[in-house]
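Okay, here's what each chain looks like letter by letter:
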Amino acid sequence: MHNFTANYEKILEVLKKLEFKSENFFTQIRKPKLTDLKVIAINLTSEYMSIDSEYQLFRILPIEIKSLIDRSVYNRRKRKLFIYLEDIRKRLSDKFNDTEQYFIVDSMPLEVCKLSRSSRSKICKETDYAHPNRGYCASQKMHYYGYKLHAVCSVKGIFQSLDISPASVHDIHYLKDIKQQLKDCTILADKGYLSVDYQLDLFRTHNIKLEVPMRNNQKNYKEQPYIIRKSRKRIETLFSQLCDQFMIRRNYAKSFLGFKTRILSKITTLTIIQTINKSENRKINNLKINIA
């Protein structure tokens with residue numbers, strides 16, 4: 001787990017199996033010494049090894065890689081490759097979820113800075129559409145300043161869909177995006193997604209059945225089956241793994257592009273580890289393992 005070169009080569013091998021037309025995604029007259037695919041592999045390897053600092057990353061990079069790219073160039077290229085990183089994550093997840101009929105939806109808070117600093121913070125405010133703001137997390141009973149990660153995963157634990165919104169946006173609005181991405185399936189959700197109107201709309205338009213537990217004071221209350229309550233915990237376990245192993249709540253980004261690239265990198269790395277586990281007949285959700 002501490003051998004950067006071995007981990008890098010293993011992750012690069014997985015990326016090459018996705019069979020891109022070229023390892024460089026942009027048309028350039030002057031080809032870079034280090035291909036775009038290798039830049040992504042370095043990024044994912046650093047996330048796997050829990051290296052949050054780019055300064056520390058370039059201290060341990062092998063000399064044969066370090067000589068091909070400058071640290072500032074690496075940072076710019078990494079952010080520029082955001083859409084291709086999402087394409088890689090989608091390709092990997094589709095291999096798991098092609099025939100999946102059951103999914104789980106939930107959200108988690110992503111703090112940008114402490115509430116006491118929020119009034120003077122300039123982090124992630126370079127674009128008008130993506131300003132962070134104040135929100136409340138009911139499960140943790142805390143107010144925070146930042147964003148909210150919305151996610152859909154399969155019952156097996158593979159992330160299918162992701163989105164980031166300001167912290168004040170209610171969870172239920174994410175269901176509008178789900179309509180464009182899923183159909184003919186069942187989605188398990190918590191009480192935050194309880195809405196008869198949304199349930200009917202999802203079912204009528206895309207044949208999506210939204211399973212939400214009833215509140216105790218609702219008329220004709222029925223307890224949700226145990227198998228559904230147990231299955232829904234899978235996404236909460238994934239969020240815990242993102243917080244523990246991948247330190248997703250630790251923010252060093254100054255721009256929104258850097259912030260969302262960092263979040264996507266961690267989730268893509270998680271999916272890569274699951275892919276490697278599957279190829280080697282291990283439990284896919286055992287993430288604290290040596291991949292090489």
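Remember, it's a predicted structure, so these values are computed and weren't measured experimentally. (Residues numbered from 1 in each chain as written. Predicted model: local features only at pLDDT ≥ 70, side-chain atom pairs only at ≥ 80, totals over all residues. Heavy atoms only, no water.)

### Brief notes about helix 6 (residues 82–97)
Here's step 1: When the terminal C-alpha atoms of helix 6 are compared, their 22 Å separation across 16 residues agrees well with the 22 Å that a helix rising 1.5 Å per residue should span.
Here's step 2: Residues of helix 6 that are buried include every one of Phe82, Leu85, Ile88, Arg89, Leu92, Ser93, Phe96 and Asn97, and no others. Seen from one end, helix 6 has its buried residues packed into an arc of 155 degrees, which puts them on one side. For helix 6, exposure combined with an orientation more than 90 degrees from the buried face picks out Ile83 and Lys95. (Helix = DSSP H or I, 4+ residues; strand = E, 2+ residues; numbered from the N terminus. Expected span 1.5 Å × (residues − 1). Buried < 20%, exposed > 50% of the residue type's maximum accessible area, 1.4 Å probe, protein only. Arc of directions from axis to C-beta.)

### Examining the side chain of threonine 45
Here's step 1: Looking at the secondary structure, you find threonine 45 in helix 2 (residues 36–48).
Here's step 2: A polar atom in the side chain of threonine 45 sits 2.6 Å from the backbone oxygen of alanine 41.
Here's step 3: Discounting chain neighbours no more than four positions away, the residues touching threonine 45 are Phe4, Asn7, Tyr8 and Ile11. (Polar contact = N/O pair within 3.5 Å; in protein donor to acceptor, adjacent residues only side chain to side chain. Contact = heavy atoms within 4.5 Å.)

### A few points about the nonpolar core
Here's step 1: Within the largest apolar cluster, 66 residues are counted, with the highest numbers of intra-cluster contacts made by Leu15, Ile42, Tyr147, Leu149, Phe159 and Phe259.
Here's step 2: Among the elements that make up this core, the one with the highest residue count is helix 10 (residues 256–279) (nine residues).
Here's step 3: In terms of nonpolar packing, the next biggest core, distinct from the first, is built from 17 residues, Ile172, Leu182, Ile208 and Leu210 among them. (Core = buried A, V, L, I, M, F, W, Y, C linked by side-chain atoms within 4.5 Å.)

### Digging into the pattern of salt bridges
Here's step 1: Per the counting criterion, the structure on display carries 19 salt bridges.
Here's step 2: One salt bridge connects aspartate 87 with arginine 91, and the closest N-O pair in it is separated by 3.3 Å. Placement of both aspartate 87 and arginine 91 in helix 6 is noted, with a separation of four residues, approximately one turn of the helix.
Here's step 3: Where glutamate 236 meets arginine 232, a salt bridge forms, and the shortest distance between an N and an O atom there is 3.3 Å. Of this pair, glutamate 236 and arginine 232 both sit in helix 9 (residues 226–244), separated by four residues, roughly a single helical turn.
Here's step 4: Overall, the relative accessible area of 16% leaves arginine 232 in the buried class.
Here's step 5: One salt-bridge network, in which partners are shared between bridges, spans Glu47, Asp52, Arg250 and Lys266. (Salt bridge = Lys/Arg side-chain N within 4 Å of Asp/Glu carboxyl O.)

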